[in-house]
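The chain contents come next:
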Amino acid sequence: MNKKRIFLIAFMVPIIYGIIWFLSLYVSTELNHFFYEKHIVFLYLALPWSFFTIEVGAICSTYTNSYICNPLSILLISIGFAINVVVSTIILGGLGKIFKR
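Residues numbered from 1 in each chain as written. Predicted model: local features only at pLDDT ≥ 70, side-chain atom pairs only at ≥ 80, totals over all residues. Heavy atoms only, no water.

Asker: Help me out: how do you make sense of the layout of surface pockets in this one?
Answerer: Sizing a probe to match a water molecule and rolling it over the atoms shows the empty space that remains. By volume, the largest pocket is sized at about 750 Å³. Every residue lining the largest pocket is counted, 23 residues in all, and those nearest its centre are Trp21, Asn70, Pro71, Ser73 and Ile74. For the lining of the largest pocket, the elements supplying multiple residues, two or more each, are α1 (3-27), α3 (40-45), α4 (49-63) and α5 (66-100). For the lining of the largest pocket, the element with the highest residue contribution is α5, accounting for eight residues. (1 Å grid on protein atoms, 1.4 Å probe; cavity = no way out; pocket = protein on both sides within 12 Å on 5 of 7 lines; lining within 4 Å. Points joined across faces, edges and corners; volume = space filled by probe spheres on them. Helix = DSSP H or I, 4+ residues; strand = E, 2+ residues; numbered from the N terminus.)

Asker: I keep staring at the packing of α4 against α5 and nothing clicks. Help me out?
Answerer: How two helices sit against one another is set out by the angle between their axes and by the gap between those axes. Where α4 contacts α5, the two axes come as close as 9 Å, and the packing angle between them is 170 degrees. Taken together, the axes of α4 and α5 lie roughly antiparallel to each other. Regarding α4 and α5, the two cross each other, and that crossing is right-handed. Listed contacts from α5 to Trp49, Phe52, Thr53, Val56, Gly57, Cys60 and Ser61 of α4 are Ile68, Cys69, Leu72, Ser73, Leu76, Ile77, Gly80, Ile83 and Asn84. When the residues that make up the contact of α4 with α5 are grouped by side-chain class, the tally is ten nonpolar, six polar and no charged. (Axes fitted to C-alpha atoms, helices over the stretch in contact; angles between N-to-C directions. Parallel < 35°, antiparallel > 145°, perpendicular 65-115°, else oblique. Left-handed = near helix turned anticlockwise from the far one by under 90°. Contact = heavy atoms within 4.5 Å. Nonpolar A, V, L, I, M, F, W, Y, C, P; charged D, E, K, R; others polar.)

Asker: It is not clear to me how a nonpolar patch on the surface should be interpreted in this structure. Could you clarify?
Answerer: Together, Ile40, Val41, Tyr44, Leu45, Leu47 and Phe51 make up a nonpolar patch on the protein surface, roughly 580 Å² of accessible area in all. The element contributing the most residues to the nonpolar patch is α3, with four residues. Within the secondary structure, Phe51 sits in helix α4. (Patch = residues over 30% accessible without salt bridge, like charges linked within 9 Å, V, L, I, M, F, W, Y side chains within 5 Å. Areas by Shrake-Rupley, 256 points an atom, 1.4 Å probe, with all protein chains shown as cover. Salt bridge = Lys/Arg side-chain N within 4 Å of Asp/Glu carboxyl O.)

Asker: When you look at the packing of α1 against α5 in this model, what are you seeing that I'm missing?
Answerer: α5 packs onto α1 with a crossing angle of 140 degrees between their chain directions and a minimal axis gap of 8 Å. Put simply, α1 runs oblique to α5. Helix-helix and strand crossings are classified by hand; for α1 and α5 the assignment is right-handed. Across from Lys3, Ile6, Phe7, Ala10, Phe11, Val13, Pro14 and Ile15 in α1, the residues of α5 making contact are Ile74, Leu75, Ser78, Ile79, Phe81, Ala82, Ile83, Val85, Val86, Thr89 and Ile90. The residue inventory of the contact of α1 with α5, partitioned by class, reads 16 nonpolar, two polar and one charged.

Now the structure itself:
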């Protein structure tokens, strides 16, 4: 698969998760709490970018409101997650070629 497609798909996954999480607020409180508990997975998979995102979000929150900072944080975590997925794909593809020989 093309690296650009992999990046785009991986970029959209946390954003779609965030939209579903937001919409679950209107469906059920328990469902929303479930999505809240599981969002830490994206923070772990976006390491080390999520550390940077947390700091940027904290600095942003001191100067502006959450309507600007939250989408910025989601965007940065999505980019970090996508970068990690593409790098992992490249590394695993290279290892696969090495072991096929």
